Amino acid sequence: MRAFKFFVNKIFLRKIVLCISVIFLMLFVNYTVFSSSRTLISSYQGSKQMQSMNPENSYVGMENVSDDEQDISEEKVQEVYKYLEKNCQYSMYHEGEMIHIPINNEITEIPITYINEEYYKLSNIELSKGKKLNFDFKFSKNAEIPVLVGNELAKDYPIGSKIKIKTGSFDKKIVLKVSGVLKKDFCYTNNRLFCSQEYQNFSIIFPVNRSVIKNANLDLLENGLYNLIILNTNKESANKVSKVIKDKLNINIEFMSREQNKAFFDDYLYSAIRFIGIIVGIILLITMSISIWNVIVSVRLMKKDFTISLLTGLSYSKLRKILYSFYTLMFSADTMIVFLIIFFDRKRAWHEKNSYGCIYGVLGLADKDWMALLIVIVVDVIVGTILVESMMYKIKKIPISLGVLQ
Amino acid sequence: MKQSLFRKKDVIELCILYIVCFMLEFMLENIKNIKINIEIVEYFLSGFARYKIPIVLLFSIVVVVYHYQFVFRKKKEIYCRILVGDTLQDIKKRYILENVTILLLNYLLFNVISIYLDIDVFKNSYLFFCFLMYILVSTSGMKNYESI
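Please read these numbers as outputs of a predicted model, since none were measured by experiment. Counting restarts for each chain: residues are numbered from 1 in the order of the written sequence. Just so you know, chain letters begin at A and ligand numbers begin at 1, following the order they were written in. Note on the predicted model: pLDDT of at least 70 is required for a residue's local features to be given, and 80 or more for side-chain atom pairs to be given and counted; whole-chain, interface and lining totals, by contrast, use all residues.

Engineer: Just checking my understanding: could you explain the sheet that holds strand β13 (residues 253-256) of chain A for this structure?
Structural biologist: Within a sheet, adjacent strands bond to each other through the backbone by hydrogen bonds, running parallel or antiparallel. All names here are of chain A. Between any two strands, at least two bridges found by DSSP are needed for them to pair. Numbering of helices and strands runs from the N terminus; a helix is a DSSP stretch of H or I covering at least four residues, while a strand is a stretch of E covering at least two. Ordered in space as β2-β12-β1-β13, the 4 strands form an open sheet in which the pairing is antiparallel. On the outer flanks of this sheet lie β2 (89-91) and β13, each paired with one strand and no other. Strand-to-strand, the axes of this sheet are offset by a mean angle of 30°, without reference to chain direction. To get an axis, a line is fitted to the C-alpha atoms, and for a helix only the part in contact is used. The angle between two axes follows their N-to-C directions and goes from 0 to 180 degrees.

Take a look at the structure:
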């Protein structure tokens, strides 16, 4: 310990520029590894969640964007829904609509997600309190619609409380009645960008049934069609639905089977891993080369200090231990900085009331953040070993007499 | 160049460091223009583009290290030159001039590449001034070696 303290105070800290450069370079490596790992972990989790929404004999609708002009009107969309009601079992949802309600006496913007019964069953929503979502109600002027709320929202709107809202999906004001509270940190995967998970701690889940569809505006109905899943059916029936939508609205929606969907996700994920792997590989290669150059410069500048210490009884094995301890200290500081960046990033979501980003987690970080930090530590161990061993290799090559003469 | 503190190896070393820094800046600047059609990769890259300036400035520490070790290594040469009649002021002037020439060449090289690729030019000027500042600061370390 005395030798370590001596080295840190009298040798390393006297060349503070070198220490700072190692910390900065490793911070860059740590951030790169963290952000790539987290993207891949959340993409993997997202693709799994998306696949669980696609059971056997189900077909997921995907819009084929074309230049054809769409011919959408409320009546025609209602006709499509009538066809769906009559001929298929389907799941639909519409997300991303924002409403304004008072929270802590402050008007806050929060998201509302519309889901039908089949989607509710598929998404396996877990509740921390209250009853399951009830779809057996009639949407009328004075009706109280039973809804689920996120865990944080439940502090202001506990079970049984009423929320009066005005949304773009209906013409009139509606009254919601909280019937259940979602489990902490429940999230949906964004199906356009499945590395992005949308946490529902501040959300409202609104049940959609036939009477809701009859009274809904075009916005909800049209968006619902882009997120259709036809259940317990075959390719022919799915194609029929596709044809009905095309004929009535001139929108191209292709329905993909479970196998096609799995192949698409696997291929997509594989391409993403390959691209991110190449980018991170190049960044690591450049940073490692610069770090090794930095190590060589350090040895060049500390040649005298190292050789005098070796001459006065310090063994190579003890020097190696000191270097490992010192690098562990610097890498721990870097990992801590990355942790703090993520921690304050998550805290900022709460502060800015970014509903989809608010998360409780362990110490404010999501599971995927912790997993990515673990990968950062593993990479740090490998990089640290390479740097210390290359430093030892350079030190061992210095003839002691030359070092002392310097 | 006869009286220069720089050897061929030093010039190559410094050029590589400038190229790496300018290249990083160039990549991060143009990352948003790359169309890969894989949203996950675009999302991942956008994280880097967002923190472009802090990342580039953090990375530019390698140039500080270079100047620091260069001046430290040349302390005996500086002392000997002063002994044989050179002045510290002249040594500093030559050092700044050579350093700025190397920097300017690299800076212009990347801007010529930008013009050739039809990309916004002189976006990396902040990095040029940052390096210029490092050069000026590093000369202040020379006065310690006037007498050893």
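Engineer: Would you take a moment to explain the confidence of the model for chain A for this structure?
Structural biologist: Any region with low pLDDT has predicted coordinates that should not be read closely. Here pLDDT means the predictor's own confidence in every residue, given as a number from 0 to 100. Mean pLDDT over chain A works out to 85, with 97% of the residues at or above the 70 mark. Between the elements of chain A, mean pLDDT differs from a low of 59, seen in helix α12 (residues 400-405) of chain A, to a high of 92, seen in helix α11 (residues 367-396) of chain A.

Engineer: It is not clear to me how the domain arrangement of chain A should be interpreted in this structure. Could you clarify?
Structural biologist: All names here are of chain A. On domain assignment, one finds that chain A holds domain 1 (2-49 + 263-405) and domain 2 (59-258). Here domain 1 and domain 2 have C-alpha centroids that lie 45 Å from each other. Any pair of residues counts as being in contact when their C-beta atoms, constructed from backbone geometry, are within 7 Å of one another. Taken residue by residue, the interface counts 15 residues in domain 1 and 16 residues in domain 2. For the side of domain 1 that touches domain 2, the leading source of residues is helix α2 (residues 16-52), giving 6 residues. Residues were grouped as follows: Ala, Val, Leu, Ile, Met, Phe, Trp, Tyr, Cys and Pro as nonpolar; Asp, Glu, Lys and Arg as charged; and all remaining residues, including Gly, as polar. When grouped by side-chain class, the residues that make up the side of domain 1 that touches domain 2 number 5 nonpolar, 9 polar and 1 charged. Note that domain bounds follow an automatic or database assignment of domains.

Engineer: Help me out: how do you make sense of the UniProt feature "transmembrane region" (unreviewed entry) in chain B in this one?
Structural biologist: The UniProt feature table records "transmembrane region" (unreviewed entry) at residues 12-28, 48-68, 100-119 and 125-142 of chain B. End C-alpha to end C-alpha, residues 125-142 of chain B measures 27 Å, and it is 89% helix and 0% strand. UniProt positions are given in the numbering used here, feature names are shortened, and annotations may be inferred rather than shown by experiment.

Engineer: Explain the nonpolar core to me, please; I cannot follow it from the model alone.
Structural biologist: Residues of type Ala, Val, Leu, Ile, Met, Phe, Trp, Tyr and Cys that are buried and joined through C-beta atoms within 7 Å form what is called a nonpolar core. Whether a residue is buried, exposed or partly exposed follows from its count of other C-beta atoms within 10 Å of its own C-beta, namely 20 or more, 12 or fewer, or something in between, respectively; the C-beta atoms are built from the backbone. Counting 55 residues, the largest nonpolar core has Val147, Val149, Ile204, Phe206, Ile229, Ile230 and Phe255 of chain A as the members making the most contacts within it. Per-element tally for this core: the top contributor is strand β8 (residues 174-182) of chain A, with 5 residues. Two domains each donate at least three residues to this core, and these are domain 1 (2-49 + 263-405) and domain 2 (59-258) of chain A. Core analysis: the next-biggest nonpolar cluster, separate from the first, contains 54 residues, Met26 of chain A together with Tyr18, Val62 and Val64 of chain B among them.

Engineer: I'm lost on the interface of chain B and chain A in this one. Help?
Structural biologist: When the parts come together, some accessible area is lost, and that loss is often what is quoted as the size of the interface. If you look at the interface, chain B gives 19 residues, while chain A gives 26 residues. Put simply, the parts of the chain that give the side of chain B that touches chain A at least two residues each are α2 (39-50), α3 (52-59) and α4 (61-73) of chain B. Counting residues per element, the side of chain B that touches chain A draws most heavily on α4 of chain B, which supplies 7 residues. Grouping the amino acids of the side of chain B that touches chain A by side-chain chemistry returns 16 nonpolar, 2 polar and 1 charged.

Engineer: Quick question: what am I supposed to make of the environment of Tyr83 of chain A here?
Structural biologist: With respect to the element layout, Tyr83 of chain A can be found in helix α3 (residues 74-87). The spatial distance from the C-alpha of Tyr83 of chain A to the C-alpha of Val244 of chain A is 8.3 Å, given a sequence separation of 161 residues.

Engineer: Whenever I open this one, the UniProt feature "transmembrane region" (unreviewed entry) in chain A confuses me. Can you help?
Structural biologist: All names here are of chain A. Summarizing the sequence annotation, UniProt attributes the feature "transmembrane region" (unreviewed entry) to residues 12-34, 275-301, 322-344 and 370-388 in the numbering used throughout. The annotated region residues 12-34 carries 87% helix and 0% strand content, and the separation between its end C-alpha atoms amounts to 28 Å. Regarding residues 322-344, the helix share stands at 100% and the strand share at 0%, and the terminal C-alpha atoms are separated by 33 Å.

Engineer: Can you walk me through the confidence of the model for chain B in this structure?
Structural biologist: All names here are of chain B. In the predicted model, chain B carries a mean pLDDT of 86, and the fraction of residues at 70 or more is 95%. Mean pLDDT across the elements of chain B bottoms out in α2 (82) and peaks in helix α7 (residues 125-140) (91). Across the predicted assembly, pTM comes out at 0.83 and ipTM at 0.82.

Engineer: Explain the pairing of strand β3 (residues 93-103) of chain A here, please?
Structural biologist: Looking along a regular strand, one sees the side chains alternate between the two faces of the sheet. All names here are of chain A. Bridging between β3 and strand β4 (residues 106-116) involves 9 bridges; their strand directions are antiparallel. The residue bridging Ile103 from the neighbouring strand is Glu106, located in β4. If you look at the hairpin formed by β3 and β4, you'll find 2 residues sitting between the two strands, and Asn104 has a positive phi there, around 55°.

Engineer: Would you take a moment to explain the pairing of strand β11 (residues 204-208) of chain A for this structure?
Structural biologist: Residue and element names in this part refer to chain A. With respect to burial, β11 is a largely interior element, 5 of its 5 residues being buried. Side chains of β11 alternate between two faces, with Ile204, Phe206 and Val208 and Ile205 and Pro207 buried alike. When β4 meets β11, the two strands line up parallel, connected through 5 bridges. Bridging across to β11, Thr113 finds its partner in Ile205.

Engineer: What am I meant to see in unusual backbone geometry here?
Structural biologist: Both trends apply: most residues other than glycine have a negative phi, and most peptide bonds are in trans. All names here are of chain A. Even without a glycine there, the phi angle at Asn105 is positive, about 60°. Residue placement: Asn105 occurs in the loop between β3 and β4. The phi torsion at Asn124 lies on the positive side, around 55°, for a residue other than glycine. Checked against the element boundaries, Asn124 lands in the loop between α4 (117-123) and β5 (127-130). With 10 C-beta atoms packed within 10 Å, Asn124 lands in the exposed category.

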